[in-house]
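Below, each chain spelled out in residue letters.
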Amino acid sequence: MNLTLEHDVNLKPYNSFGLPAVARRLVRIREAADVRRVVDHPQLGRAPKFVLGGGSNIVLTQDVEAVVLKVEIPGLRLLEEREDAWIIEAGAGVVWHELVQWSVDSGYPGLENMALIPGTVGAAPVQNIGAYGIELKDRLEAVEVVDLVTGRPALLPASVCRFGYRDSVFKQTGFGGLAGKSVITAVRLRCPKPWRPVLGYLELERKIAESGNTTPSARQIFDWVCEIRRAKLPDPARIGNAGSFFKNPVVSEEQCRDIIGRDPGIVHYPMPDGSVKLAAGWMIDACGWKGKAVGGAAVYEKQALVLVNRGEARGAEVVTLARAIQESVYGRFGIRLEPEPVVV
């Protein structure tokens, strides 16, 4: 089976921000063996590579000269049923939300809190995605990868993935980091038995209070999370965006007390290790950014943590807006916000 190499591909439909850029060369990866074919290719093998999944975590500021590997590997299946868990497997090209919906529909609960997170399954471990009390690392069993130098496949257990807050070995460079060195082709997830709901977040507690349902099913939590996200986050199919643009900063208890002394209303969440997570969206809103724009890029009116494309934004405008927000928040709170998306 030969690779299909496409030239001068418009990437606007392939990034959720809807930003203009062109891929000089693009190969669609529809099975793990395609990565080996790229590695062995006489022209492509030695060329720089850029791995593209759902494009929900990138800001394109220029055309991409590297060979774009557009990961489109399908597949959903129950790999194994154990006494303590269901092990499910998904191809890296599967839309993450479709995996979550399939798992709930199929009777393998445990991912429902992460419903409607944009992007593909292959990108999920890179970013260690998470929402409403659960992160990917809490459910990951293993990741299937193919080395971009040797073309060899490997199965990496969760224990070697060096997960942090919106971080993993797949984002890290330097010694032991795998950024730019491998392509994720499939992900195995562990849905624990017996299933226990994760309900610690304020918005889910409100849903319980409103409904009177104190013992919600996985399906109910899935529906609630979808309702909450749709109410405050724009649909990328209608308004270009990359979801939450900034990470919620984590500070020491002492730092948090200092900030509360100046801004008593700041939204914050105590963490198990004694640190405190601050709500970046609250800080951006407090600095007056909601609805403000730079060219075609703007801060979403309903949620200050989200930057949007009003129609014809360019990547440079998104970056300029983000930097202005960072300076504003730093000036008021002494906190440097870190962007979630990768600027290309």
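Residues numbered from 1 in each chain as written. Predicted model: local features only at pLDDT ≥ 70, side-chain atom pairs only at ≥ 80, totals over all residues. Heavy atoms only, no water.

1. Regarding the nonpolar core
Point 1. The biggest cluster of nonpolar side chains holds 55 residues, and the ones touching the most others in it are Trp96, Leu99 and Leu189.
Point 2. For this core, the leading source of residues is helix α5 (residues 218–232), giving 6 residues.
Point 3. Those residues in contact with Leu189, other than ones at most four positions away along the chain, are Trp86, Ile87, Ile88, Trp96, Leu99, Leu111, Leu136, Arg139, Leu140 and Glu141.
Point 4. Ala280, Ile284, Leu307 and Leu321 belong to the second largest nonpolar core, which has 45 residues in total. (Core = buried A, V, L, I, M, F, W, Y, C linked by side-chain atoms within 4.5 Å. Buried < 20%, exposed > 50% of the residue type's maximum accessible area, 1.4 Å probe, protein only. Helix = DSSP H or I, 4+ residues; strand = E, 2+ residues; numbered from the N terminus. Contact = heavy atoms within 4.5 Å.)

2. Description of the pattern of salt bridges
Point 1. Within the structure shown, the criterion is met by 33 salt bridges.
Point 2. Here Lys232 ties to Glu203 by a salt bridge, and the two come within 3.2 Å at their closest N and O atoms. On the criterion of sequence distance, the pair formed by Lys232 in helix α5 and Glu203 in helix α4 (residues 202–211) is long-range, its members being 29 residues apart.
Point 3. Lys232 sits in the partly exposed class, given a relative accessible area of 22%.
Point 4. What you see here is one network of salt bridges that share partners, running through Glu6, Arg28, Arg30, Lys70 and Glu72. (Salt bridge = Lys/Arg side-chain N within 4 Å of Asp/Glu carboxyl O.)

3. Some thoughts on the pairing of strand β11 (residues 153–157)
Point 1. Examined bridge by bridge, strand β10 (residues 140–147) and β11 share 5 bridges and lie antiparallel to one another. The residue of β11 that forms the bridge with Glu144 is Leu155.
Point 2. In this structure, the hairpin formed by β10 and β11 is closed by a connection of 5 residues, where Gly151 is found at a positive phi of approximately 80°. (Pairing = 2+ DSSP bridges.)

4. Things to note about the environment of Lys207
Point 1. Residue position: Lys207 is located in helix α4.
Point 2. Since its relative accessible area comes to 17%, Lys207 is described here as buried.
Point 3. For the pair formed by Lys207 and Glu227, sequence separation is 20 residues and the distance between their alpha carbons is 10.0 Å.
Point 4. The residues contacting Lys207, other than those within four sequence positions of it, are Trp224, Glu227 and Ile228.

5. A short note on the side chain of Arg28
Point 1. Residue placement: Arg28 occurs in strand β2 (residues 22–29).
Point 2. Residue classification places Arg28 among the buried residues on the basis of a relative accessible area of 15%.
Point 3. Reaching out from Arg28, the side chain makes a polar contact with the side chain of Tyr14 at a distance of 2.9 Å.
Point 4. In this structure the side chain of Arg28 is engaged in a polar contact, spanning 2.7 Å, whose partner is the side chain of Glu72.
Point 5. Contact partners of Arg28, with chain neighbours within four places excluded, come to Thr4, Glu6, Tyr14, Asp34, Lys70 and Glu72. (Polar contact = N/O pair within 3.5 Å; in protein donor to acceptor, adjacent residues only side chain to side chain.)

6. A few points about the packing of aromatic side chains
Point 1. In total, this model carries 7 aromatic pairs according to the counting rule given.
Point 2. Ring geometry for Phe245 and Phe246: centres 5.1 Å apart, planes at 70°, overall edge-to-face. As far as the burial class goes, Phe245 and Phe246 line up, both buried.
Point 3. Three or more aromatic residues joined by ring pairs form one cluster here, namely Phe17, Phe245 and Phe246.
Point 4. Positioned over the ring face of Tyr14 is Lys70, at 5.2 Å from the centre of the ring. (Phe/Tyr/Trp six-rings, centres within 6.5 Å; stacked < 30°, edge-to-face > 60°. Lys NZ or Arg CZ within 6 Å of the ring centre and 35° of its normal.)

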